[in-house]
Amino acid sequence: MSETEGDRDAEAADGADVRVLLVERAGCHLCADARAVLDAVTAATGVGWASVDVDSSPDLLEAYGELVPVVLVDGRERGHWRLDRTVVEAALR
């Protein structure tokens, strides 16, 4: 895990004010794709993002277990499985 990824995970775990949250699972190839999309979107907009492992919490697992990756913007689900960059960009406006 890179230092940046660790920082994102720590922010999510600490409950910091995060606008974009990726709910993911280790070993998930679609999650890797979603990370790349979020890196591009947030680099263009200047908004940071954080991630959390769906398997780290029974509540997350119940809500999103079959949908990962899931992207939430301002606490609202904006997509799952295959992330649409334009949807995330629109949600950040």
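Look up: the structure comes first, before these words.
Residues numbered from 1 in each chain as written. Predicted model: local features only at pLDDT ≥ 70, side-chain atom pairs only at ≥ 80, totals over all residues. Heavy atoms only, no water.

(A) Representation of the overall build of the chain in the model. When helices and strands are tallied, the chain shows four helices and four strands. Each helix and strand of the chain, placed in order from N terminus to C terminus, yields the pattern α-β-α-β-α-β-β-α. Burial statistics for the chain: of 93 residues in total, 39% are counted as buried. In the chain, the proportion of contacts linking residues at least 24 apart, taken out of those at least 6 apart, comes to 62%. When the accessible surface of the chain is summed, it comes to about 5400 Å², and 50% of that surface belongs to carbon and sulfur atoms. (Helix = DSSP H or I, 4+ residues; strand = E, 2+ residues; numbered from the N terminus. Buried < 20%, exposed > 50% of the residue type's maximum accessible area, 1.4 Å probe, protein only. Contact = heavy atoms within 4.5 Å. Areas by Shrake-Rupley, 256 points an atom, 1.4 Å probe, with all protein chains shown as cover.)

(B) Region of the structure containing the packing of helix H2 (residues 29–45) against helix H4 (residues 85–92). Viewed as axis vectors pointing N to C, H2 and H4 meet at an angle of 35°, and their least axial separation amounts to 10 Å. Crossing of H2 against H4: the hand is right-handed. Along its contact with H2, which presents Val37, Leu38, Ala40, Val41, Ala44 and Thr45, the element H4 presents Arg85, Val88, Glu89 and Leu92. Residue classes in the contact of H2 with H4 are distributed as seven nonpolar, one polar and two charged. (Axes fitted to C-alpha atoms, helices over the stretch in contact; angles between N-to-C directions. Left-handed = near helix turned anticlockwise from the far one by under 90°. Nonpolar A, V, L, I, M, F, W, Y, C, P; charged D, E, K, R; others polar.)

(C) Geometry of the environment of Glu66. In this fold, Glu66 is placed in the loop between helix H3 (58–64) and strand S3 (70–73). Its relative accessible area of 73% is what places Glu66 among the exposed residues. The spatial distance from the C-alpha of Glu66 to the C-alpha of His80 is 9.6 Å, given a sequence separation of 14 residues.

(D) Geometry of the nonpolar core. In terms of nonpolar packing, the biggest core is built from 14 residues, with Val20, Leu38, Val71, Val73, Leu83, Val88 and Leu92 touching the most fellow members. Broken down by secondary-structure element, the contributors of at least two residues to this core are strand S1 (20–24), H2, S3 and H4. When residues in this core are grouped by element, the largest group, four residues, is from H2. Listed in part, the 11 residues of the second largest apolar core include Val23, Cys28, Cys31 and Leu72. (Core = buried A, V, L, I, M, F, W, Y, C linked by side-chain atoms within 4.5 Å.)

(E) Seen up close, the pattern of salt bridges. In this structure the tally under the stated criterion is five salt bridges. Where Asp55 meets Arg25, a salt bridge forms, and the shortest distance between an N and an O atom there is 2.9 Å. Here Asp55 is found in the loop between strand S2 (49–53) and H3, whereas its partner Arg25 is found in the loop between S1 and H2, with 30 residues between them in sequence. Judged by its relative accessible area of 44%, Asp55 is partly exposed. Classification of Arg25 as partly exposed rests on a relative accessible area of 26%. One salt bridge connects Arg85 with Glu89, and the closest N-O pair in it is separated by 2.7 Å. In this pair, Arg85 and Glu89 are both assigned in helix H4, four residues apart and thus about one turn of the helix distant. (Salt bridge = Lys/Arg side-chain N within 4 Å of Asp/Glu carboxyl O.)

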